[in-house]
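These are the residues of each chain, in order.
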Amino acid sequence: MYRILKYTGSIYLQMDYKISHWIRCIMEDIDFNFQNEIIWHYGLGNNNTKYNWQNKHDTILFYTKTNDYTWNDMRGEVTKQMESKYCHEDEVGKYMMSYGKKYYLKGGKKIGNVWDIPNLSATDKERLGYDTQKPKQLIERIIRASSNEEDIVADFYMGSGTTGEVAINLNRKFIGCDVGEVAYDTTKERLEEKMGL
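Conventions and cut-offs
- Residues numbered from 1 in each chain as written.
- Predicted model: local features only at pLDDT ≥ 70, side-chain atom pairs only at ≥ 80, totals over all residues.
- Heavy atoms only, no water.
- Pairing = 2+ DSSP bridges.
- Helix = DSSP H or I, 4+ residues; strand = E, 2+ residues; numbered from the N terminus.
- Axes fitted to C-alpha atoms, helices over the stretch in contact; angles between N-to-C directions.
- Contact = heavy atoms within 4.5 Å.
- Parallel < 35°, antiparallel > 145°, perpendicular 65-115°, else oblique.
- Left-handed = near helix turned anticlockwise from the far one by under 90°.
- Nonpolar A, V, L, I, M, F, W, Y, C, P; charged D, E, K, R; others polar.

Asks: Just to check I follow, could you spell out the sheet that holds strand β7 (residues 114–116) for this structure?
Replies: The strands making up a sheet associate through backbone hydrogen bonding, with each pair oriented either parallel or antiparallel. The strand order across the open sheet built from four strands is β1-β3-β2-β7, with neighbouring strands paired in mixed fashion. The open sheet has two edge strands with one neighbour each: β1 (10–15) and β7. Pairs of neighbouring strands in the sheet enclose a mean axial angle of 25 degrees, with direction left out of account. Bridging between β1 and strand β3 (residues 57–64) involves six bridges; their strand directions are antiparallel. Pairing of serine 10 across the sheet is with threonine 64, part of β3. Along the sheet face, helix α3 (residues 136–146) touches β1, β2 (33–41), β3 and β7 and points at about 160 degrees away from the line of β1.

Take a look at the structure:
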């Protein structure tokens, strides 16, 4: 992955708490540049832990090949408080005045590194019957932040093809691979349907 990653490219690795420390050591040995650790708090599920805390998150490690990487700020929803604060408007957009200077509304607050995105429930309409399927919302946030339209998105453990579908929806090109036959068949069917083939 390091060899073929574009100079301005990024890599995201999702795992549970049992191996995140080990993966960090491996990635640093390879010479990837550590950028952040994202906590994906998914909330759903009950692992019936009796004498411990319930496991309700995974770790997503964000690395780049260089420090000159593609980055698009991700922002949350504009709140009512923000709307009332940015109460003026001109041809550029909504703004607030502070000490005689205009500050334009760029969107909601910048998104931090703890993401409250629900995992897919057993009855979710996104579900394709693939055990480790990720929600589109999670993948979309990553792709939007670290790539632009027409860029190539690669998923080396493509599973059910969620990354491929989201990449196509966001006008990105997609490369996917997986050693599992079920993953290949599931993704092929999903993407052919998506592209009308």
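Asks: What should I look at first to understand the packing of helix α4 (residues 162–169) against helix α5 (residues 181–195) in this one?
Replies: How two helices sit against one another is set out by the angle between their axes and by the gap between those axes. The N-to-C vectors of α4 and α5 enclose an angle of 15 degrees; their axes lie 9 Å apart at closest approach. By the angle between their directions, the pair α4 and α5 is classed as roughly parallel. The handedness of the crossing between α4 and α5 comes out as right-handed. Facing Thr162, Gly164, Glu165, Ile168 and Asn169 of α4, the residues of α5 in contact are Arg190, Leu191, Lys194 and Met195. Among the residues forming the contact of α4 with α5, the class breakdown is three nonpolar, three polar and three charged.

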